[in-house]
Each structure stands twice: as structure tokens, then as C-alpha cells.
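Structural description and commentary
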Amino acid sequence: MSTEFVIEVNNLKWENDTILKQAIKDVLKKFNVDISVDNLDIEDCGDTKTGQKRCLANYACGIVNNREKGTVYVGVNDKGRVVGLRCNHEKRDRLRRRIAQIMKCDLNPPLSTIHYSVTFVPVRRADGYDLDDIFVLEITFYTVDKFDRLYTVNGDVYQKSDACLFGPLRPAEIREWETQIQHKLMKEAKNIELLEKIEKYEIDKAENERVIDMFKQMTEEEKIRKEEKELSFKRKKGELETEVSRLNQMHEDIKKENYQLQREKSTLVKENKTLIHKSKVCVIL
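Values in this document were obtained by computation on a predicted structure and should not be read as measured data.

A few words now on the UniProt feature "coiled-coil region" (unreviewed entry) in the protein chain. Mapped onto the present numbering, the UniProt feature "coiled-coil region" (unreviewed entry) falls at residues 237-264. Segment residues 237-264 splits into 100% helix and 0% strand. End C-alpha atoms: 40 Å apart.

As C-alpha cells, this is what we get:
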């Protein structure tokens, strides 16, 4: 019946009868399957004191030490065939608690729950029917933020490579691996420093552009104010010239009126003199 099983991951199906043996590794890598095991008795042989290599703590140690995200698929054998795990709701809860205990007690330093997740993926037959209480257990490990030393299990160091678990490593292998990790950390630190410099440059550049834009805006506003002042001056000058012209015209009109009045006055004076002269002549007679 195991050849009839399919597993759905991210809405994608694996039908084991259609997977070619020579392409199994490529398929596993394509679906980010780092390590797959047909069965891992987490409740019993998860105890590292038994010395079994296929215990969950060793897999966790090997993946976390790689400083990359990795997943253990329990219920998928090395040939890519889905065999599944039979576990009801109660057993799934028990497995979650046991996994948390292994991560906390068997790994040194302990692995926090933020650095791994546990998922039970339902298994179906090739014809699409669900299989009751049959799951593939996915245990995904995430990159540890502060990685200053290798994780160990009972003092032993394990390494994951090409979907396989290696270890315990010999002291010389551990030293070589630690050297590689230190070089990688130094490179990452340099990259972080470079990124920080780039970020600072971008911030300074943005600030400079903001200041330049603000200066341009101030210059533009100053230019607008200057133009407004010039327009206001021209408008007031025009109004003043109009007023001066009006006053000059009034002055000319007044001058003309005064001239006319002077002429009329002269005429009246002459007429008055004539009348006075005539009146004197009349008196003498």
C-alpha cells in the first residue's frame, strides 16, 4: 500500500510510482527535503543516551550547525517513497511535547521554539482519498541568529550534507569546520559592515537630496517672493504715476481756471474803472 501514497506539500503532489530512481535526489532538493527518514521513533529512541545515530537530536544538531534552514521529513524513505506515520490526535500532541523536550534537553545549547517548527502533513492515496491518521512529520529548523559555537549532543558534533547526516565528527574535523564557520562569520560581518556603510550612504544621500530640495524650494519661494515684490512695486509705481498724472491734470485745470479768472478779473477791473470815470464826469456837471 505504501506505493499508493502521495504527499501534498504546498498544493503539489508526489506520486511515488512516477519518480525515477536516478532523479530522486534532484526531486528532494527541489522540494527542499534536506533529510528524509522512513521512520524515527521519537518517543522511544529520541533519547540520545541510547547511542543511536538516527535520533532526532542528532538530525537537529547536524542541520542547525549548517547555519541554514533545513527540514527533516519523517515518513519519507531515502528512495523518496512516502510510508507515512500512523498517529491520532493524542499521539501528535505527545510527539510535539517530546520534540520540544529533545530540543531543550538533548541539544547543547538548547534550541528555542522560535528556531524550529513541527507540522503534520496529511497523506493521501493516489486516487485522492485521505488516509485516516496517516501523516508525514515535517520538522523545519531555522537559522540561529547568534551562532558563536557548534551545537552538540552528549558532547558529539554532527553535520548535515547532501541530505545525509555525518558524525560524530573527529576533533580535527570539528576544528576545520569551526575554522570554516569563523571565516564565514567574518565574511558575513564584513558584508554586514558593508551593508551598514551602504545604508548610511543611502541615508546621507537621501538627507543631502532633502536639503538640496529644501534649498531649491526656499530659492524658488524667494524667487517667487522677489517677483511678487517686483510686481507689487510696479503696480504701486503705476498707481503712483497715475495719481501724479491725475494731480498734474488737476493742477493744469486749476491753472487754466485761475488764468480764466484773472482775465475775467482784469475785464471787471477795466469795466469798474470806466464806470468810476463816468460817475465822476456826471458829478462835475
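A few words now on the nonpolar core. I99, M103, L111, L137 and F141 are the most contacted members of the largest nonpolar core, which has 30 residues in total. Of all the secondary-structure elements, those providing two or more residues to this core are helix 3 (56-65), strand 4 (70-74), helix 4 (89-105), strand 7 (116-125) and strand 8 (130-141). It is helix 3 that contributes the most residues to this core, seven residues altogether. Counting residues in hydrophobic clusters, the runner-up holds seven residues, among them Y73, V76, V123 and L131.

What follows covers the pairing of strand 8. With respect to burial, strand 8 is a largely interior element, nine of its twelve residues being buried. Bridge analysis of strand 4 against strand 8 gives five bridges, and the strand direction is antiparallel. Bridging from a neighbouring strand, G70 pairs with F141 of strand 8. Where strand 5 (residues 85-86) meets strand 8, two bridges bridge the pair, whose relative direction is antiparallel. Note on strand 8: the bridge partner recorded for L85 is F135. Direction of pairing for strand 7 relative to strand 8: antiparallel, over a ladder of eight bridges.

The rules behind each value
Residues numbered from 1 in each chain as written. Predicted model: local features only at pLDDT ≥ 70, side-chain atom pairs only at ≥ 80, totals over all residues. Heavy atoms only, no water. UniProt positions renumbered as here; feature names shortened; annotations may be inferred. Helix = DSSP H or I, 4+ residues; strand = E, 2+ residues; numbered from the N terminus. Core = buried A, V, L, I, M, F, W, Y, C linked by side-chain atoms within 4.5 Å. Buried < 20%, exposed > 50% of the residue type's maximum accessible area, 1.4 Å probe, protein only. Pairing = 2+ DSSP bridges.

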